[in-house]
Amino acid sequence: MLSAAPIRPLANSHATADAQFIASMIAALDGDDSGTAANDAPLKQTAFRVYRNTVRLGALDALRANYPTVVQLVGDEWFAAAAHRFLDRQPPASPCLLDYGAGFDGFLAALDASAELPYLPAIATLDRAWSEAHCSADASALTVANMQALLGSGERIYPHPATRAFWFADTPAAQLWCASRSGVDDLSTIEWQGAGALLTRPHGAVLWSVCDEAAVALVAMFAAGVGIADAIEQTASRFGAETTGRAFHQLLNQGALTAAPAGESS
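Here is a short report on the structure shown in this document.

Criteria and thresholds
- Residues numbered from 1 in each chain as written.
- Predicted model: local features only at pLDDT ≥ 70, side-chain atom pairs only at ≥ 80, totals over all residues.
- Heavy atoms only, no water.
- Helix = DSSP H or I, 4+ residues; strand = E, 2+ residues; numbered from the N terminus.
- Expected span 1.5 Å × (residues − 1).
- Buried < 20%, exposed > 50% of the residue type's maximum accessible area, 1.4 Å probe, protein only.
- Contact = heavy atoms within 4.5 Å.
- Axes fitted to C-alpha atoms, helices over the stretch in contact; angles between N-to-C directions.
- Parallel < 35°, antiparallel > 145°, perpendicular 65-115°, else oblique.
- Left-handed = near helix turned anticlockwise from the far one by under 90°.
- Nonpolar A, V, L, I, M, F, W, Y, C, P; charged D, E, K, R; others polar.
- Core = buried A, V, L, I, M, F, W, Y, C linked by side-chain atoms within 4.5 Å.
- Polar contact = N/O pair within 3.5 Å; in protein donor to acceptor, adjacent residues only side chain to side chain.
- Phe/Tyr/Trp six-rings, centres within 6.5 Å; stacked < 30°, edge-to-face > 60°.
- Pairing = 2+ DSSP bridges.

## With respect to helix H11 (residues 241-253)
And step 1. If you check H11, its first and last C-alpha atoms are 18 Å apart, about what 13 residues at 1.5 Å a residue would give, namely 18 Å.
And step 2. Those residues of H11 that fall on the buried side of the exposure criterion are Thr244, Ala247, Phe248, Gln250, Leu251 and Leu252.
And step 3. Those residues of H11 that are buried lie in contact with helix H7 (144-147), strand E3 (195-200), strand E4 (207-211), helix H9 (213-223), helix H10 (228-239) and strand E5 (257-258).
And step 4. Among the residues trailing H11, Gly255 stands out with phi positive, at a value near 75°.

## Considerations on the packing of H9 against H10
And step 1. Contact geometry for H9 and H10: axes closest at 10 Å, N-to-C directions at 150°. As the angle between them shows, H9 and H10 are arranged roughly antiparallel. Both H9 and H10 take part in a crossing whose hand is right-handed. Judged by residue contacts, Glu213, Ala214, Ala217, Leu218, Met221 and Phe222 of H9 engage Ile228, Ala231, Ile232, Gln234, Thr235, Arg238 and Phe239 from H10.
And step 2. The residue inventory of the contact of H9 with H10, partitioned by class, reads 9 nonpolar, 2 polar and 2 charged.

## Here we look at the nonpolar core
And step 1. Counting 39 residues, the largest nonpolar core has Leu63, Val70, Phe79, Phe104 and Leu108 as the members making the most contacts within it.
And step 2. Within the residue set of this core, elements represented by two or more residues are helix H2 (46-66), helix H3 (68-74), helix H4 (76-89), helix H5 (104-109), helix H6 (120-134), helix H8 (173-181) and E3.
And step 3. Here this core gets 7 residues from one element, more than from any other, and that element is H6.
And step 4. Excluding residues that lie within four positions of it along the chain, Leu63 makes contacts with Phe79, Ala83, Phe86, Tyr100, Gly101 and Phe104.
And step 5. Counting 21 residues, the second-largest nonpolar core is a separate cluster that includes Leu142, Phe222, Ala231 and Leu252.

## Notes on the side chain of Gln175
And step 1. Take Gln175: it is sitting in helix H8.
And step 2. For Gln175, a relative accessible area of 12% translates into the label buried.
And step 3. A distance of 2.9 Å separates the side chain of Gln175 from the backbone oxygen of Gln193, its partner in a polar contact.
And step 4. Discounting chain neighbours no more than four positions away, the residues touching Gln175 are Ile190, Glu191, Gln193, Gly194, Ala195 and Val210.

## Some thoughts on the packing of aromatic side chains
And step 1. Following the criterion strictly, the structure yields 10 aromatic pairs and no others.
And step 2. Geometrically, the ring pair formed by Tyr67 and Phe104 is tilted, given 4.8 Å between the ring centres and 55° between the ring planes. Residue Tyr67 is found in the loop between H2 and H3, and its partner Phe104 is found in helix H5; the two are separated by 37 residues along the sequence.
And step 3. Given a relative accessible area of 0%, Phe104 falls into the buried group.
And step 4. When the ring of Phe104 is compared with that of Phe107, the centres are 5.9 Å apart and the planes differ by 15°; the resulting orientation is stacked. One end of the pair, Phe104, and the other, Phe107, are both in helix H5, 3 residues apart, so they sit about a helical turn from each other. Of the two residues, Phe104 and Phe107, both sit in the buried class.

## Some details on the sheet that holds E4
And step 1. Read across the open sheet, the 3 strands follow the order E2-E3-E4; overall the sheet is antiparallel. Single-partner strands in this sheet number two, and they are strand E2 (164-168) and E4. Taken pair by pair, the neighbouring strands of this sheet meet at an average axis angle of 15°, ignoring direction.
And step 2. Pairing analysis gives 5 bridges linking E2 to E3, with the strands arranged antiparallel. Looking at the pairing, Ala165 lines up with Leu198 of E3.
And step 3. Across the sheet, H6 touches E2, E3 and E4, and the angle it forms with E2 is around 170°.
And step 4. Against the sheet, H8 touches E2, E3 and E4, its axis set at about 145° to E4.

## Quick look at the packing of H10 against H11
For any two helices packed against each other, one specifies the crossing angle of their axes together with the interaxial distance.
And step 1. Two numbers describe how H10 lies on H11: the axes approach to 7 Å, and their chain directions differ by 130°. As summarised for this structure, H10 and H11 are arranged oblique, according to the angle between their axes. Seen from above, H10 lies across H11 with right-handed handedness. Within the contact between the two elements, H10 uses Ile232, Thr235, Ala236 and Phe239 and H11 uses Ala241, Thr243, Thr244 and Phe248.

All we've got here are geometric facts, nothing functional implied.
Pasting the structure below:
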């Protein structure tokens, strides 16, 4: 008895052709023409090369716009060279380029040309934090006045959704970034010492300032859900009561705290 041959579904020639065309198009946009067949002539036409260059230029412009402080500190030529290399390794994954550049700080940290600029990856981290703060959710910020009602009540407070706090122990990245963002042209007077940076957006615009390590520690503890009294006590045991009080007051004045955890309206 003859055994029946296995039944195989007929290939959809149109779907296969479409998939091949799309794959070739993506490869061509990435600058790789090795996979294009001879009958893929449209992909090699001048018009398509212009389109590919336009896509690449748009990504580079977005990276430049998203990291303006890095550009200011290294100059256009240096930044363009680094940006091209970053784009080759990490092309945009979304048509929305407002968010493009995640991981640029890590890329700069591994770049040999950044060795003489040890503060540069942190500068990129802060540029990224500005974008995140700018796009974060709205929330009502706590003030010194309404904070009084929470003290001793056992209520917890949390970082505002836009709040970002960083401590850079080995470089003056925070001072350089804050001064540059504030329009200071002469950065030569900034002393080489560690400091922190605090960003938030209690209203319409992102606010930033240099902060000490106590402020960064408080933000981390409030984010972890530590109660007000315990957070202040633990921070004071590390940095002293006066430093902790000053840091807590800075968080309130800058609108970095809220009464509602992330995802809830206050």
